[in-house]
Amino acid sequence: METAKVEVNKNLQPNVDASKNSKRVKKKKSNFYKKESRAALIFILSPLIGYLIFTLYPFLFSIYASFTAWNGLGSMNFVGIDNYVKLFTDDYFGRSLFNTLFMMVGIPIGLLVSLMLAMGLNRKIPGTTTFRVIYYIPVISSLAAISVLWQWAYNGDYGLVNQFLSVIGIDGPNWLQNKDTVKPALMIMAIWKGLGFSMLLYLAALQSVPRIYYEAAELDGANAFQRFKNITWPMVKPVTFFLVITNIIGGAQMFTEVNIMTPTGGPEYSSATVVFYIWQKAFNNLQMGYASTMSVVLGLIIFIVTLIQFKLNDRSSFEID
Amino acid sequence: MSHKKRTKIADMLIFAALSAGAVVMIAPLLWMFSTSLKQKSDVFALPPVWIPADINWGKYLEIWEAGPLLTGIQNSLIISLSVCLVGTFSSSLAAFAFAKLRLAYKNVIFLLLLSAMMIPYPSLMIPQFSMFAGMGWVDTLLPLIIPPIFGNIVMIFFLRQYLINIPNSVIEAAKIDGSSFFGMFTKIIFPLIKPAVAAQLILWFMGVWNDYLAPIIYLNSPEKLTIQLVIANFNANYAIQTDYPLIMAASMIALLPMLVVFLIFQRQIIESIAISGVKG
């Protein structure tokens, strides 16, 4: 996002000049400017209208609906902050929020593994293209199909996971039926699916680090760990940051896996996420007012996280190109 | 010399580790394929059989009768193609205007559109649903097609970035020649940004094809479901009968189109993701 901001500013300058110029010089030029502006307006009209109808209006409507009791069809009864008060006492919302946050523990683990993979791929070894493709296949695979596959893989008796574990002598649990293992199970699957994406971004960042840095450090007698700590880690920091934020935003909206693998929200509602609960309340129980309240809170959380991304990204001056 | 040797040993160890990792990554998918070729009873064999002795392709014929798989693929294609083709047109046109044309407040408008990236779909889905319900569009493909064809802000963002790096002189020359702005777009701009458009198009297509939340909200009738919903239903219905080969065969079919697209365009896709991620 940093580049965007910089360029917006850069772009603003010539624009101001252009409009000044067109005012100053002959009428003919200002006519041309008008024509150009009209064309530009027509060209951006479609996304602008789309934004107003399908983003801004629903967004404002959500906020309004969050203060009402509404079943989605009948009239909306204004109830003030009742829905927000209810959130605090709603055990299911508490659980779904906890589950959503808990599963984010997988994010740093996934990033660490993918950074290690990227560092491995950044060496001069054979087959790097093949590795990249293989690690990336889960990323492009449909989440629904992957969820179906992993639900079967997590089967307590015949699943691939437990059969693999039994090779090393571990008697695996019935992953998705057990409230202690269902969240780790979903986390592992999410890590497996997302690894290729993070790895690819890390690899791109690593490849842009000038080799001379490492050579200089080696001449100075820095060991492998010191080189990692003082060169690699700072150089990939912007990517780490980007990945943490996008993973948090994605993780906060987790739905498909939960819906397919644990259709009821798991044992004791232990795998239900916030979006899963919103979806249940809105479209199964038709409590659309209350569901809107939750969606506003979720939106607020994501908005704050995104804002942090913009702010902190502005501060880091390092850029890869 | 010893240093060189050490690097070589390290490389070998890393190669081994990466290979082991690759096996872990690909094993579930291979298992999915292998299961789809098994007899129903062989699925529960312990220890697991990777290459079934009795390879049975029958499930790949059976699935078309077992559920609305074909209409699922059709519906997904209708949605993805119309969204991506029309949406790419409106997005690239807008990106051209934002990057190269003069318009008062265009950067303010651009930042306004960018704010959409911060609002998650779950925060919009309830009002959108009630809006489309009022229009009688529930259980049709329209709610999944209409909003995105107005343009995709992510695509506009990246194409705009791409266009900004192209010198203005290209446009200036066309302006002097007196060509229309739409002509400029089709004759000069679009051919220039084609590679960036292609990369974004593929990513978008994959996103729409794999979408699950929006379709599950709107679609109910079996013949209206997208492929993702169809296999989710396969999973729910046939797991009770423990017909895993059937479920896995259907899931394979759902995976296959994206897999083929990816394997064909893997270089472009991987490059564009690396670039967009680093820049984003």
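Residues numbered from 1 in each chain as written. Chains lettered and ligands numbered in written order. Predicted model: local features only at pLDDT ≥ 70, side-chain atom pairs only at ≥ 80, totals over all residues. Heavy atoms only, no water.

An unreviewed UniProt entry lists chain B under the name Carbohydrate ABC transporter permease, with Aquibacillus rhizosphaerae given as the organism. Quoted verbatim from the Subcellular location (unreviewed entry) heading of the UniProt record, the comment on chain B is "Cell membrane". Under the Sequence similarities (unreviewed entry) heading, UniProt states for chain B: "Belongs to the binding-protein-dependent transport system permease family." (UniProt positions renumbered as here; feature names shortened; annotations may be inferred.)

The name given to chain A in an unreviewed UniProt entry is Sugar ABC transporter permease, with the source organism recorded as Aquibacillus rhizosphaerae. Quoted verbatim from the Subcellular location (unreviewed entry) heading of the UniProt record, the comment on chain A is "Cell membrane". For the record of chain A, the UniProt heading Sequence similarities (unreviewed entry) holds the text "Belongs to the binding-protein-dependent transport system permease family."

Visitor: What should I look at first to understand the overall build of chain B in this one?
Guide: Within chain B one finds twelve helices and zero strands. Counted from the first residue to the last, chain B has its helices and strands arranged as α-α-α-α-α-α-α-α-α-α-α-α. Relative to the compact-globule value of 19 Å for 280 residues, chain B shows a C-alpha radius of gyration of 24 Å, a clear excess of over 25%. When its C-alpha atoms are laid out on the principal axes, chain B stretches across 75 × 75 × 35 Å. Each of the 280 residues in chain B was classed as buried or not, and the buried ones make up 55%. Considering only intrachain contacts with a sequence separation of at least 6, the fraction spanning at least 24 residues in chain B is 74%. For chain B, the centre of its 17 positive side-chain charges and the centre of its 12 negative side-chain charges are spaced 18 Å apart. (Helix = DSSP H or I, 4+ residues; strand = E, 2+ residues; numbered from the N terminus. Rg over C-alpha atoms; globule rule 2.2 N^0.38 Å. Buried < 20%, exposed > 50% of the residue type's maximum accessible area, 1.4 Å probe, protein only. Contact = heavy atoms within 4.5 Å. Lys, Arg positive; Asp, Glu negative; His and termini not counted. Charge placed at Lys NZ, Arg CZ, Asp CG, Glu CD.)

Visitor: Can you help me understand the packing of helix α7 (residues 143–153) of chain A against helix α11 (residues 227–238) of chain B in this one?
Guide: Helix-helix packing: each pair is described by the crossing angle between the helix axes and the interaxial distance. One way to put it is that α7 of chain A packs onto α11 of chain B with a least axis distance of 9 Å and a crossing angle of 15°. The orientation of α7 of chain A relative to α11 of chain B falls into the category roughly parallel. Crossing angle aside, the handedness with which α7 of chain A passes α11 of chain B is left-handed. Together, A144, A145, V148 and Q151 of chain A of α7 of chain A and Q228, I231 and N235 of chain B of α11 of chain B make up the contact between the two elements. The residue makeup of the contact of α7 of chain A with α11 of chain B, split by class, is four nonpolar, three polar and no charged. (Axes fitted to C-alpha atoms, helices over the stretch in contact; angles between N-to-C directions. Parallel < 35°, antiparallel > 145°, perpendicular 65-115°, else oblique. Left-handed = near helix turned anticlockwise from the far one by under 90°. Nonpolar A, V, L, I, M, F, W, Y, C, P; charged D, E, K, R; others polar.)

Visitor: Would you mind going over the UniProt feature "domain: ABC transmembrane type-1" (unreviewed entry) in chain A with me for this structure?
Guide: The UniProt record annotates "domain: ABC transmembrane type-1" (unreviewed entry) at residues 96–309 of chain A. With 74% helix and 0% strand, residues 96–309 of chain A has its two end C-alpha atoms placed 25 Å apart.

Visitor: Would you take a moment to explain the interface of chain A and chain B for this structure?
Guide: By a widespread convention, an interface's size corresponds to the accessible area lost as its parts come together. Counting residues at the interface gives 101 residues for chain A, matched by 102 residues for chain B. For the pairing of chain A and chain B, the buried interface totals around 9200 Å² over both sides, and the portion due to carbon and sulfur atoms is 76%. Per-residue buried area on chain A facing chain B is highest for F43, F54 and W152 of chain A; these three make up 9% of the total on that side. When the shortest N-O distance is used, the salt bridge between R102 of chain B and E36 of chain A registers 3.0 Å. Connecting chain A to chain B are 17 residue pairs in polar contact (both at pLDDT 80 or more). (Buried area = accessible area lost by both parts, 1.4 Å probe. Salt bridge = Lys/Arg side-chain N within 4 Å of Asp/Glu carboxyl O. Polar contact = N/O pair within 3.5 Å; in protein donor to acceptor, adjacent residues only side chain to side chain.)

Visitor: Could you clarify how one ought to interpret the packing of aromatic side chains in this entry?
Guide: Given two aromatic rings, their pairing is described by the distance between the two centres and the angle made by the two planes. With the rule as written, the count across this model stands at 42 aromatic pairs over all chains. On the basis of an interplanar angle of 65° and a centroid distance of 5.6 Å, the ring pair of F131 of chain A and F15 of chain B is categorised as edge-to-face. Here the residue F131 of chain A occupies a position in helix α6 (residues 128–140), and F15 of chain B occupies one in helix α1 (residues 2–36), the pair thus bridging two chains. We classify F131 of chain A as buried; its relative accessible area is 6%. Both rings, one in F255 of chain A and one in Y212 of chain B, keep their centres 6.2 Å apart while their planes meet at 40°; by these two values the pair is tilted. Of the two residues, F255 of chain A is situated in the loop between α11 (224–252) and α12 (256–261) and Y212 of chain B in the loop between α9 (181–209) and α10 (213–218); the pairing between them involves two chains. Residue class for F255 of chain A comes out buried when judged on its relative accessible area of 3%. Classification of Y212 of chain B as buried rests on a relative accessible area of 3%. An aromatic cluster is defined as three or more aromatic residues linked by ring pairs; in this entry it consists of F54 and F283 of chain A together with F129, F132, W137, F150 and Y218 of chain B. Directly above the ring of F102 of chain A sits K183 of chain A, whose terminal nitrogen or CZ lies 5.5 Å from the centroid. The side chain of R160 of chain B reaches across the aromatic face of F110 of chain B, ending 4.2 Å from its centre. (Phe/Tyr/Trp six-rings, centres within 6.5 Å; stacked < 30°, edge-to-face > 60°. Lys NZ or Arg CZ within 6 Å of the ring centre and 35° of its normal.)

Visitor: Is there a simple way to explain the UniProt feature "domain: ABC transmembrane type-1" (unreviewed entry) in chain B in this structure?
Guide: On the UniProt side, "domain: ABC transmembrane type-1" (unreviewed entry) is annotated at positions that read residues 73–265 of chain B here. A distance of 21 Å separates the end C-alpha atoms of residues 73–265 of chain B, which is 75% helix and 0% strand.

Visitor: Looking at this structure, how should I read the pattern of salt bridges?
Guide: In a structure, side chains of opposite charge can pair up when their charged atoms sit close to one another. According to the stated counting rule, one finds eight salt bridges over all chains in the structure shown. Within the structure, one salt-bridge network assembled from shared partners comprises E36 of chain A together with R102, E172 and K175 of chain B.

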